[in-house]
2 protein chains.
Amino acid sequence: MISSDYSTLHLKKLGIDTYTEPVIYLRRDSYICRSEGWTAEARVKVSHNGNSLIATLNTVETDLLRRNEASLSTYAWNFLKAKEGDEIKISHPKALDSLSFIRSKVFENRLTAEQMNLIIKDIVEGNLSDIHIAMFLTALAGKGLNQEETLNLTSAMINSGRILSWPADLVVDKHCVGGLPGNRTTLILVPIVAAFGLMIPKTSSRAITSPAGTADTMEVFAPVNLDLATMKRVVKHENACIAWGGSISLSPADDLLIRVERSMNLDSEGQMVASILSKKISAGSNHLVIDIPIGPTAKIRTLEQAKKLKSTLEAVSKAFSLKLTTIFSDGFQPIGRGIGPALEARDVLAVLKNEKNAPQDLMDHALDLAGAVIEFSPDVKQGTGKTIAKEILISGKAYKKFVAICEMQGGMFEIPIAKYRHTITAKVAGTITAVNNRNLAQLAKLAGAPIFKTSGVDFLVKLGMRVSKGQPLFTIHANAQGELDYAFSFLELGHKVVTIEEEI
Amino acid sequence: MISSDYSTLHLKKLGIDTYTEPVIYLRRDSYICRSEGWTAEARVKVSHNGNSLIATLNTVETDLLRRNEASLSTYAWNFLKAKEGDEIKISHPKALDSLSFIRSKVFENRLTAEQMNLIIKDIVEGNLSDIHIAMFLTALAGKGLNQEETLNLTSAMINSGRILSWPADLVVDKHCVGGLPGNRTTLILVPIVAAFGLMIPKTSSRAITSPAGTADTMEVFAPVNLDLATMKRVVKHENACIAWGGSISLSPADDLLIRVERSMNLDSEGQMVASILSKKISAGSNHLVIDIPIGPTAKIRTLEQAKKLKSTLEAVSKAFSLKLTTIFSDGFQPIGRGIGPALEARDVLAVLKNEKNAPQDLMDHALDLAGAVIEFSPDVKQGTGKTIAKEILISGKAYKKFVAICEMQGGMFEIPIAKYRHTITAKVAGTITAVNNRNLAQLAKLAGAPIFKTSGVDFLVKLGMRVSKGQPLFTIHANAQGELDYAFSFLELGHKVVTIEEEI
């Protein structure tokens, strides 16, 4: 037997967060590293109380650790449910079949359902490194997946986590591919659809790279970290909820893939389809409206690309008996005025309360989508959904339903407003000819969004609008003078948000 | 201006080695992380005294660091020549063009020379992460590189580092694709060729995943960490040296690519060709013999694959005016008896000293390759090289030259022998029908090779050999009783090294 002196170590918490890459920290001069010949970046199997994962080795050459101690990155620590001082066993990992399948995909072979399942299982169980996942995602993007493989990937991802079920025949959902800044239609659509009488147990994401995700904006009104029991109770009472999807384990493989993909910035149609549909099917939906904004700064840039995506979405949905409506929309301009959780929440509330100055583009787009969802109802004639949605909004029923949902989730909070604000005005008179959405989002993030709810940008103009000299263009909202300065310095460094063509 | 309070931090050494992935450690609740919205795995530009690189963020949630402190992984620390307490500035990195080119390669576009240069430059300057490099390597393997791209990659890799030049028209070199265990022909070939009168300034690698690299074995005899001045002095005196290539900066991009590739285990012909030729051309060689062992456990498995590789090697070599001879050899069995630095050194010395029990296969293969190198000489008739090489070996001139080289490098040391040994004998009489080279290498590594020079395995049998019950099969050599037990336990766990077919 391998002596426990060498391979058994005691855990010490260093509290280093490497995101979802499992890392083990060992002294470089520990007996196990020396005898195994392990150097930094070796892959090491870590076992603890019957659980195990494969971690990447980082070696330590200082007194952070003793020779009989080891530490784990936050993800690995939580994955193994470790406690300070616990014993772990470390060993050489076995060769992984899933790695051979990934290599086979790189060399243009098709993957079977079983192979896809094993790859996804090894990703979720922490056996493949970021480098392996990057290799997998590149192979998917390069060679592409055919429809059968996309189906297999979707199915493997659904099976990697929990699958919810709801006490209704018709469970509806909505998704937007590549959101535009300020595009918070979900918070308007959900109460309309629920007030109409359909069940819509909505799970949303937090911001990954944007100034606010739907879950971040909803959190301005009410808690979104709902456990499954709470989620079910809210849906039972109100036909709907708006929860953060991360708090229940739906398609965990998708989260792990997206995390690596984020730094690759590679689009793969097959993986996008599997990502969207696995999340929705896991969430127990059987009717889904997908909004595909098309525009130069949106995820989908051409009508041709949108049509191809639609066709794959439809084929895969059909195999899972998911009824699908796809809507192509204008993805050229930001929607609404606020950018950042509290400012977007303010826009949502203005629409729900039928306020005069509510952003019309946000209202109109939300009604389009809500109408499409309502048309899933067998009692509704095609083409009449939007009218029904509008009636529900105008009548105040949607607002009432929204308040009820928020209260059931533990809200309904007042929308806070930032203490520190700075308005940028037009230096010349003229016409707005360009808006740099990327810099706009960056500015909102520098001001503190989404971490600080009140931070962000209130954007006061639209493309094509004429402005006079000194007219306000946008206001930066921040939590502290320091943050305001920090965001402002971004503009001072020459980053443009709005282009004004002067009148001559 | 962005206030220096937020983005200027003081360095604290944590001494964490992440191999060549640059990592920056910041407190999760530091002002810069909060205001930038940075979480673990963000890419962060780190500037220090006019140098900079892009590092991956790992956040720390304990008192390892204070809020105004940062730490760097060993690679980043050395890259930036940082010292404890130094100030660094951190900021958002700009979008990298090289990343767009890599993505373009994923989608089957051809890369121009300029694009390839920029990718390699960003890899060497520490601007691309492991995930980006994995994406690049996958694209090379999947889509493949055509000859022009292979040429461009080779050229970019040569330009990424130093290029040596030597005071001779004919500078020869030798390379083996996918070494077999124990295959230490270089240490025999170099003194033969130098004694013949050709200049052979040899740079070799240390073990990456094997129990010994040529540099590890040479180090048993003499120092191999030569600086360039020493290397030049040795070559001036003896026409040759055997140095570790890592101590002079030749094709540093290659080292960085290989490091990521190691954990992907993906073969890409174009990248292999660029890797081999960039190293040799940087080292100043203009005549090269390449040994391609073909066999089921070798890197090249079929004659067809070998021929294709040969053709690409020849085309690219021609463009760089490098004269090339390719030799296909039998890659089925290990060569020599010893596995591990000191045991391989013993085999090498036995051949050089014409000892009776010297491994004949090692001698013969070394002579084949030395003969091919000697035939680069304009005075030598084709087909007579091996005979000349043999004469030099038998005459003792090669041994004398080897001693002279070692002494010039600061040797010639006695070969040490392990204190702890354990011999495994045949449990039954019969014929050796299989040798598991992978398990054999693993056993040598568990015994401590290449970290401990004397550790390894002395392999006493050959395929097809008849053995009687109780006959020694192999001896494990180790530095300590504990290591011997550790290696032995690997066999006890059921890992086979030798298969004996019993006689019935």
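Residues numbered from 1 in each chain as written. Chains lettered and ligands numbered in written order. Predicted model: local features only at pLDDT ≥ 70, side-chain atom pairs only at ≥ 80, totals over all residues. Heavy atoms only, no water.

### Concerning the overall build of chain A
Point 1. Of regular secondary structure, chain A possesses 19 helices and 19 strands.
Point 2. Compactness check: chain A gives a C-alpha radius of gyration of 25 Å against a globular reference of 23 Å for 504 residues, within 12% of the reference.
Point 3. With respect to the three principal axes, the spread of C-alpha positions in chain A is 80 × 55 × 45 Å.
Point 4. Evaluated residue by residue, chain A yields a buried proportion of 58% over its 504 residues.
Point 5. Across chain A, 57 positive and 53 negative side-chain charges occur, with their mean positions spaced 2 Å apart. (Helix = DSSP H or I, 4+ residues; strand = E, 2+ residues; numbered from the N terminus. Rg over C-alpha atoms; globule rule 2.2 N^0.38 Å. Buried < 20%, exposed > 50% of the residue type's maximum accessible area, 1.4 Å probe, protein only. Lys, Arg positive; Asp, Glu negative; His and termini not counted. Charge placed at Lys NZ, Arg CZ, Asp CG, Glu CD.)

### Quick notes on helix H19 (residues 481-492) of chain B
Side chains three or four residues apart in an α-helix point the same way, a direct result of the helix having 3.6 residues per turn.
Residue and element names in this part refer to chain B.
Point 1. Taking 1.5 Å per residue, 12 residues should reach 16 Å; H19 reaches 16 Å between its end C-alpha atoms and fits that length.
Point 2. Turning to H19, its buried residues are Gly-482, Glu-483, Leu-484, Tyr-486, Ala-487, Ser-489, Phe-490 and Leu-491.
Point 3. Backbone geometry just after H19 places Gly-494 at a positive phi near 105 degrees. (Expected span 1.5 Å × (residues − 1).)

### Regarding the interface of chain B and chain A
Point 1. If you look at the interface, chain B gives 61 residues, while chain A gives 61 residues.
Point 2. Across the chain B/chain A interface, buried area totals approximately 5400 Å², and carbon plus sulfur atoms make up 58% of it.
Point 3. Counting the surface chain B buries against chain A, the share from its top three residues, Glu-41, Ile-131 and Tyr-486 of chain B, is 12%.
Point 4. Counting across the chain B and chain A interface gives four salt bridges.
Point 5. Between Glu-41 of chain B and Arg-259 of chain A there is a salt bridge, and its shortest N-O distance comes to 3.4 Å.
Point 6. Joining chain B to chain A, the criterion identifies 14 residue pairs in polar contact (both at pLDDT 80 or more).
Point 7. Elements represented by at least two residues in the side of chain B that touches chain A include exactly strand E2 (16-17), helix H2 (31-36), strand E5 (51-60), helix H4 (97-106), helix H6 (130-143), helix H11 (252-264), helix H18 (437-446) and H19 of chain B.
Point 8. Counting residues per element, the side of chain B that touches chain A draws most heavily on H6 of chain B, which supplies 10 residues. (Contact = heavy atoms within 4.5 Å. Buried area = accessible area lost by both parts, 1.4 Å probe. Salt bridge = Lys/Arg side-chain N within 4 Å of Asp/Glu carboxyl O. Polar contact = N/O pair within 3.5 Å; in protein donor to acceptor, adjacent residues only side chain to side chain.)

### A closer look at the packing of aromatic side chains
Point 1. Using the criterion set out here, one finds six aromatic pairs over all chains in the structure.
Point 2. Residues Phe-221 of chain B and Phe-402 of chain B carry aromatic rings whose centres are separated by 5.0 Å and whose planes lie at 90 degrees to one another, so their mutual orientation is edge-to-face. With Phe-221 of chain B in helix H9 (residues 214-221) and Phe-402 of chain B in helix H17 (residues 397-409), this pair connects stretches of sequence that are 181 residues apart.
Point 3. The class for Phe-221 of chain B is buried, based on a relative accessible area of 0%.
Point 4. For Phe-402 of chain B, a relative accessible area of 0% translates into the label buried.
Point 5. Where Phe-459 of chain B meets Phe-474 of chain B, the ring centres are 6.3 Å apart and the plane angle is 25 degrees; that geometry is what we call stacked. Remark: Phe-474 of chain B occurs in strand E18 (residues 472-478) and Phe-459 of chain B occurs in strand E16 (residues 456-459); sequence separation between them is 15 residues. The pair formed by Phe-459 of chain B and Phe-474 of chain B is uniform in burial state, with each residue classed as buried.
Point 6. Arg-206 of chain A extends its terminal NZ or CZ atom over the ring of Trp-244 of chain A, reaching a point 4.7 Å from the ring centre. (Phe/Tyr/Trp six-rings, centres within 6.5 Å; stacked < 30°, edge-to-face > 60°. Lys NZ or Arg CZ within 6 Å of the ring centre and 35° of its normal.)

### Remarks on the confidence of the model for chain A
Point 1. Across chain A, the average pLDDT comes to 91, with 97% of residues at 70 or higher.
Point 2. Under the prediction, the complex receives an ipTM of 0.85, its pTM being 0.86. (pLDDT = per-residue confidence, 0-100.)

### Thoughts on the pattern of salt bridges
Point 1. Tallying each qualifying case throughout the model produces 50 salt bridges over all chains.
Point 2. A single network of salt bridges, built from pairs that share partners, joins Arg-27, Asp-29, Asp-63 and Arg-67 of chain A.

### Some details on the sheet that holds strand E14 (residues 420-425) of chain A
Point 1. Read across the open sheet, the four strands follow the order E13-E16-E18-E14 (chain A); overall the sheet is antiparallel. Across the chains shown, the open sheet's two edge strands, defined by having one partner strand only, are strand E13 (338-339) and E14 of chain A. (Pairing = 2+ DSSP bridges.)

### As for the relation of the copies chain B and chain A
Point 1. Of the transformation superimposing chain B on chain A, the axial component is 0.0 Å and the angular component is 180 degrees, with the fit at an RMSD of 0.1 Å. Taken together, the rotation and translation relating the two chain copies correspond to the operation of a two-fold axis.
Point 2. Most of the interface of chain B is mirrored in chain A, where 100% of its interface residues are also at the interface. (Least-squares fit on C-alpha atoms with pLDDT ≥ 70 in both.)

### Points about the nonpolar core
Point 1. In terms of nonpolar packing, the biggest core is built from 64 residues, with Ile-123, Phe-136 and Leu-153 of chain A together with Ile-123, Phe-136 and Leu-153 of chain B touching the most fellow members.
Point 2. Setting aside its immediate chain neighbours within four residues, Phe-136 of chain B contacts Ile-102, Leu-111, Met-116, Ile-119, Ile-123, Leu-153 and Leu-257 of chain B. (Core = buried A, V, L, I, M, F, W, Y, C linked by side-chain atoms within 4.5 Å.)

### A short note on the sheet that holds strand E15 (residues 430-435) of chain B
All names here are of chain B.
Point 1. Pairing within the open sheet is antiparallel, and its three strands lie in the order E17-E15-E19. Of all the strands in the sheet, just strand E17 (466-467) and strand E19 (498-502) have a single pairing partner and so form its edges.
Point 2. Pairing of E15 with E19, which is carried by five bridges, proceeds in the antiparallel orientation. Opposite Gly-430, over in E19, you have Glu-502 as the bridge partner.

### Describing the packing of helix H5 (residues 113-124) of chain A against helix H11 (residues 252-264) of chain A
Residue and element names in this part refer to chain A.
Point 1. Their axes nearest at 9 Å, the elements H5 and H11 cross at an angle of 75 degrees. Here H5 is positioned roughly perpendicular relative to H11, judged by the angle of their axes. Taken together, the residues of H11 that come into contact with H5 (itself represented by Ile-120, Ile-123 and Val-124) are Pro-252, Ala-253, Leu-256 and Leu-257. (Axes fitted to C-alpha atoms, helices over the stretch in contact; angles between N-to-C directions. Parallel < 35°, antiparallel > 145°, perpendicular 65-115°, else oblique.)

### Focus: the pairing of strand E1 (residues 8-11) of chain A
Point 1. As paired strands, E1 of chain A and strand E7 (residues 87-91) of chain A are joined by three bridges and run antiparallel to one another. Pairing of Thr-8 of chain A across the sheet is with Lys-89 of chain A, part of E7 of chain A.

### A closer look at the environment of His-365 of chain B
Residue and element names in this part refer to chain B.
Point 1. Structurally, His-365 can be placed in helix H15 (residues 360-374).
Point 2. With 35 residues separating them along the chain, His-365 and Asp-330 place their C-alpha atoms 9.5 Å apart.
Point 3. Those residues in contact with His-365 that lie beyond four places of it in its chain are Asn-183, Thr-185, Asp-291, Ser-329 and Ile-335.
Point 4. A polar side-chain atom of His-365 sits 2.8 Å from a polar atom in the side chain of Asp-291.

### Re the side chain of Lys-280 of chain B
Point 1. With respect to the secondary-structure elements, Lys-280 of chain B resides in helix H12 (residues 269-282).
Point 2. Beyond its immediate stretch of four places on either side in the chain, Lys-280 of chain B contacts Asp-173, Lys-174, His-175, Lys-202, Thr-203, Ser-285 and Leu-288 of chain B.

### Here we look at the environment of Arg-28 of chain B
Point 1. The topology assignment puts Arg-28 of chain B in the loop between strand E3 (23-27) and H2.
Point 2. According to the relative accessible area criterion, Arg-28 of chain B is partly exposed, its value standing at 38%.

### Structural notes on unusual backbone geometry
Point 1. For the bond from Gly-411 of chain A to Met-412 of chain A, the omega torsion is 0 degrees, close enough to zero to count as cis.
Point 2. Following the sequence through the fold, Met-412 of chain A ends up in the loop between helix H17 (397-409) and E14.
Point 3. With an omega dihedral of 0 degrees, the bond running from Ala-449 of chain A to Pro-450 of chain A counts as a cis peptide bond.
Point 4. With respect to the element layout, Pro-450 of chain A can be found in the loop between helix H18 (437-446) and strand E16 (456-459).
Point 5. For Glu-108 of chain A, which is not glycine, the phi torsion reads 75 degrees and is therefore positive.
Point 6. Within the fold, Glu-108 of chain A resides in the loop between helix H4 (97-106) and H5.
Point 7. At Ser-321 of chain B, a position not held by glycine, the phi torsion is positive, near 55 degrees.

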